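Each chain is listed here by its residues.
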Amino acid sequence: AQTVTQSQPEMSVQEAETVTLSCTYDTSESDYYLFWYKQPPSRQMILVIRQEAYKQQNATENRFSVNFQKAAKSFSLKISDSQLGDAAMYFCAYINFGNEKLTFGTGTRLTIIP
Amino acid sequence: SAVISQKPSRDICQRGTSLTIQCQVDSQVTMMFWYRQQPGQSLTLIATANQGSEATYESGFVIDKFPISRPNLTFSTLTVSNMSPEDSSIYLCSVDRVGTEAFFGQGTRLTVV
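Please read these numbers as outputs of a predicted model, since none were measured by experiment.

Cut-off values and rules
Residue numbers run consecutively from 1 along every chain, following the written order of its sequence. A letter from A marks each chain and a number from 1 marks each ligand, given out in the order of writing. In keeping with the model being predicted, local features are shown solely for residues with a pLDDT of at least 70 and side-chain atom pairs are shown and tallied solely at 80 or more, while totals for entire chains, interfaces and linings include all residues. Processing note: side-chain calculations cover all non-hydrogen atoms of the structure and skip hydrogens and water entirely. Secondary structure is summarised from DSSP: a helix means a run of H or I of at least four residues, a strand means a run of E of at least two, and numbering begins at the N terminus for each. As used in this structure description, the phrase polar contact means that two N or O atoms lie within 3.5 Å; if the pair is within protein, one of them must be able to donate a hydrogen and the other to accept it, and residues adjacent in sequence are counted only when both atoms belong to side chains. When checking whether two residues touch, look at their non-hydrogen atoms; a contact exists if any pair is within 4.5 Å. The buried label applies to any residue whose accessible area, calculated with a 1.4 Å probe on protein chains only, is under 20% of its type's maximum; exposed applies above 50%, and partly exposed to all values in between. Only Phe, Tyr and Trp rings take part, Trp by its six-membered ring, and two of them pair if their centres are within 6.5 Å. Stacked means planes under 30 degrees apart, edge-to-face means over 60, and tilted covers everything else. Two strands qualify as a pair provided DSSP detects at least 2 bridges between them.

A.B. asks: What's the story with the side chain of Gln51 of chain A in this structure? I'm lost.
C.D. replies: All names here are of chain A. Relative to the helices and strands, Gln51 resides in strand S6 (residues 46-52). Within the local environment of Gln51, its side chain forms a polar contact with the backbone oxygen of Lys55, the two atoms lying 3.2 Å apart. Within the local environment of Gln51, its side chain forms a polar contact with the backbone nitrogen of Ala59, the two atoms lying 2.9 Å apart. Apart from residues lying up to four places away in sequence, Gln51 is in contact with Tyr32, Tyr33, Leu34, Gln57, Asn58, Ala59, Val66, Phe68 and Phe75.

So, in C-alpha cells, the structure goes:
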C-alpha cells in the first residue's frame, strides 16, 4: 500500500520569506501523480500544485514550486514570498495512475508571521 | 472543474441520533468519495460511492455505521448513524478527474454531544 509522510507537523515563516514543506512517499508504482493541497480554516480543500511522475521537470505555479525527486520518493513544496493568506494546513497527496483513490499525508500547519 | 455543494456545513447532534450529509455536483461523475477528518488529523477515506452499485468501504468503516446512497451521477449522501462523541469530525465529499485534481465539498463539521 502507498504511504505519504509529512515529517513537519508545524512550520512558520516570516511574511515575504521562503519556506519549504517536506513530503516523502512510498510506492512500487512507476506511474502516479502527486499533489499539494491547502486547507485554510474555511475547511475548503484547494489544489496548490500537482506533479506527474513521468515528468522530470518540476511543477511551478506562481509562488509555489516543487522539488520532485523520484528516485528518493521526495516531493517538497516551496512557497516563495510568503503571504498572510498562505496560512493553512498543507497536505501532500498521492494517486496511482488509473486509480482514483487519493492517499493523504498527515499535514503541515503553516503559520505566517507578519 | 467541478463545483460541489455539501450540506449541512455544520451540525451539533445528540448521541444516538443519525445525520445525513448531502453532496451535489454540478456535473456527472462516475465516482464520489467520502472522507472523515478527525480534529487536527488528515483525511481518511470512508468509502467510494458508485452510481448503481453498493459503495465500497475502506477498512475500519462499515455500511451499518456509514450508509451511503448514490441515486444518480450528480448526487450522494452519507449518513452517520447512532452517533457517539467519537464521530465528531469534519466529513468531506470529493470527486476527481484521474490525473488532474480532486474537487472537494466545503465539508460538514459534526459535533456530537
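A.B. asks: I'm lost on unusual backbone geometry in this one. Help?
C.D. replies: A negative phi holds for most residues other than glycine; trans holds for most peptide bonds. Omega for the peptide link from Lys7 of chain B to Pro8 of chain B comes to -5°, which places this bond in the cis form. Take Pro8 of chain B: it is sitting in the loop between strand S1 (4-7) and strand S2 (10-13). Despite not being glycine, Asp81 of chain A shows a phi value in the positive range, around 50°. Of note, Asp81 of chain A is situated in the loop between strand S9 (74-79) and strand S10 (88-96). Among the residues examined, Asp81 of chain A registers a relative accessible area of 38% and is labelled partly exposed. Here the phi dihedral of Asn82 of chain B falls at roughly 45°; this positive angle occurs in a residue that is not glycine. As for its placement among the helices and strands, Asn82 of chain B is situated in the loop between strand S8 (75-80) and strand S9 (89-96).

A.B. asks: Even after reading the chapter, I still don't get the packing of aromatic side chains, so can you show me in this structure?
C.D. replies: Any pair of aromatic rings gets described here by the distance separating the centres and the angle formed by the planes. In this structure the tally under the stated criterion is 14 aromatic pairs over all chains. Between Trp36 of chain A and Phe75 of chain A, the aromatic rings sit 6.3 Å apart at their centres with planes inclined by 20°, giving stacked as the arrangement. Remark: Phe75 of chain A occurs in strand S9 and Trp36 of chain A occurs in strand S5 (residues 32-39); sequence separation between them is 39 residues. Overall, the relative accessible area of 0% leaves Phe75 of chain A in the buried class. A centroid spacing of 5.6 Å and a plane angle of 65° characterise the contact between Phe61 of chain B and Phe66 of chain B, whose relative ring orientation is edge-to-face. The exposure class of Phe61 of chain B is buried, given its relative accessible area of 9%. Pairwise contacts between aromatic rings join Phe35, Tyr37, Phe91 and Phe104 of chain A together with Tyr35 and Phe104 of chain B into one cluster.

A.B. asks: For this particular structure, what's the right way to read the environment of Ile46 of chain A?
C.D. replies: Residues and elements named next belong to chain A. Here Ile46 lies in strand S6. The spacing of Ile46 and Trp36 is ten residues in sequence and 8.6 Å in space, taken between C-alpha atoms. Discounting chain neighbours no more than four positions away, the residues touching Ile46 are Trp36, Tyr37, Lys38 and Pro40.

A.B. asks: Help me understand the side chain of Ser81 of chain B in this model?
C.D. replies: By the secondary structure assignment, Ser81 of chain B is in the loop between S8 and S9. Those residues in contact with Ser81 of chain B that lie beyond four places of it in its chain are Thr17, Ser18, Asp64, Lys65, Pro67 and Asp87 of chain B.

A.B. asks: How do you make sense of the environment of Met45 of chain A when you look at a structure like this?
C.D. replies: When you line up the elements, Met45 of chain A lands in the loop between S5 and S6. Separated by 45 residues in sequence, Met45 of chain A and Tyr90 of chain A have C-alpha atoms that sit 9.3 Å apart.

A.B. asks: So what exactly am I meant to see when it comes to the pairing of S1 of chain B here?
C.D. replies: Within a regular strand, the side chains alternate between the two sheet faces. All names here are of chain B. On S1, burial follows the alternation: Ile4 and Gln6 on one face are buried, whereas Ser5 and Lys7 on the facing-out side are not. The sheet contact formed by S1 and strand S3 (residues 19-25) spans four bridges and is antiparallel. Within the sheet, the bridge partner assigned to Ile4 lies in S3 and is Val25.

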